[in-house]
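A look at the structure
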Amino acid sequence: MESLTSPPCLRLTPTVHRQFHSRRSYFAGDIHGGSSVNKSNSLSFSSSASGFSSPLAVAKELRSSFVQTAAVRHVTGSLIRGEGLRFAVVVARFNEVVTKLLLEGAIETFKKYSVREEDIEVIWVPGSFEIGIVAQNLGKSGKFHAVLCIGAVIRGDTTHYDAVANSAASGVLSAGINSGVPCIFGVLTCEDMDQALNRSGGKAGNKGAETALTALEMASLFEHHLK
């Protein structure tokens, strides 16, 4: 019988070699009808292997090398370079008590980050369902660096809510992809009016202001880095 060798990436300790040869004797006796059996021996490998590191050590090393690699270029949009950027804001009139507050938060944020009033154009549409097609046309016009889409869809007694919310989300996404201009989703989808008001200047903040920040960053990213 040929002698057995250890796998190329593992080394056996001397103890393991003795146990391994005892196990070979056991199998040979069993095959040839012998009676020698060593029940106490078991095969075990050393936890160390030549050239092998634990997964945690490898992950730590990779993270360290990533942070220390100066050649990697990181690109992000700026919130302090709003001058000269132009924005369209598409606002749904449905649930106007909410969307007006979202619009106010967005415009205040634009002005806070040096966007001029004359560089902001507000377009009103009947409801959130109609936002997508208008946003796409505005994006294709070449007049704006980003389009902010504001609306409020509140659940009712029927499945109409699901249809409008899904259509609004997919419409804004398609508008951005088809026009090549960032179209920012600022449509609230809430269970009731209290949730909507809380997110339009109440205790949960103003989502119009938050999405205006997203529009600023994306517009800066496209204008200064991705043209």
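First things first, this report covers the structure right here in the doc. Small disclaimer: the values here were computed from a predicted structure and weren't measured. (Residues numbered from 1 in each chain as written. Predicted model: local features only at pLDDT ≥ 70, side-chain atom pairs only at ≥ 80, totals over all residues. Heavy atoms only, no water.)

So, about the overall build of the protein chain. What the protein chain contains, in helices and strands, is seven helices and six strands. Along the chain direction, N to C, the helices and strands of the protein chain fall in the order α-α-β-α-β-α-β-α-β-α-β-β-α. Burial analysis of the protein chain (227 residues in total) assigns 34% to the buried set. Across the protein chain, contacts joining residues at least 24 apart in sequence account for 76% of those joining residues at least 6 apart. (Helix = DSSP H or I, 4+ residues; strand = E, 2+ residues; numbered from the N terminus. Buried < 20%, exposed > 50% of the residue type's maximum accessible area, 1.4 Å probe, protein only. Contact = heavy atoms within 4.5 Å.)

What follows deals with the layout of surface pockets. Considered as a void within the structure, the largest pocket measures approximately 210 Å³ in volume. Around the largest pocket sit Phe94, Asn95, Gly127, Ser128, Phe129, Ala152, Val153, Ile154, His160, Tyr161 and Val164, which together line it. Mapped onto the lining of the largest pocket, the elements with two or more residues apiece are β3 (146–154) and α5 (160–179). Partitioned by chemical class, the residues of the lining of the largest pocket number seven nonpolar, four polar and no charged. (1 Å grid on protein atoms, 1.4 Å probe; cavity = no way out; pocket = protein on both sides within 12 Å on 5 of 7 lines; lining within 4 Å. Points joined across faces, edges and corners; volume = space filled by probe spheres on them. Nonpolar A, V, L, I, M, F, W, Y, C, P; charged D, E, K, R; others polar.)

Attention now goes to the environment of Ala163. Turning to its location among the elements, Ala163 is positioned in helix α5. A sequence separation of 34 residues divides Ala163 from Phe129, and the C-alpha atoms of the two residues are 8.9 Å apart.

Another point: the pairing of strand β2 (residues 120–125). Two elements, strand β1 (residues 87–92) and β2, share six bridges in a ladder whose sense is parallel. Of the residues in β2, the one forming a bridge with Val89 is Val122. Taken together, β1, helix α3 (residues 96–112) and β2 constitute a β-α-β crossover, and its handedness is right-handed. (Pairing = 2+ DSSP bridges. Right-handed = clockwise from strand over helix to strand, strands pointing away.)

Okay, the packing of helix α4 (residues 131–140) against α5 next. Where α4 meets α5, the axes come as close as 8 Å, and the angle between the chain directions of the two elements is 20 degrees. One finds that α4 runs roughly parallel with respect to α5. Two packed elements cross with a definite hand, and for α4 against α5 that hand is right-handed. Residues Ile131, Gly132, Ala135, Gln136, Gly139 and Lys140 of α4 form the contact with α5, whose own contacting residues are Gly171, Val172, Ser174, Ala175, Asn178 and Ser179. Class assignment for the residues of the contact of α4 with α5 results in four nonpolar, seven polar and one charged. (Axes fitted to C-alpha atoms, helices over the stretch in contact; angles between N-to-C directions. Parallel < 35°, antiparallel > 145°, perpendicular 65-115°, else oblique. Left-handed = near helix turned anticlockwise from the far one by under 90°.)

When you line up the elements, Phe94 lands in the loop between β1 and α3. Through-space distance from the C-alpha of Phe94 to that of Gly127 is 5.0 Å; in sequence the pair is 33 residues apart. When residues no more than four places from it in sequence are discounted, the contact partners of Phe94 are Thr99, Pro126, Gly127 and Ala152.

Worth remembering: the numbers are spatial, not functional.
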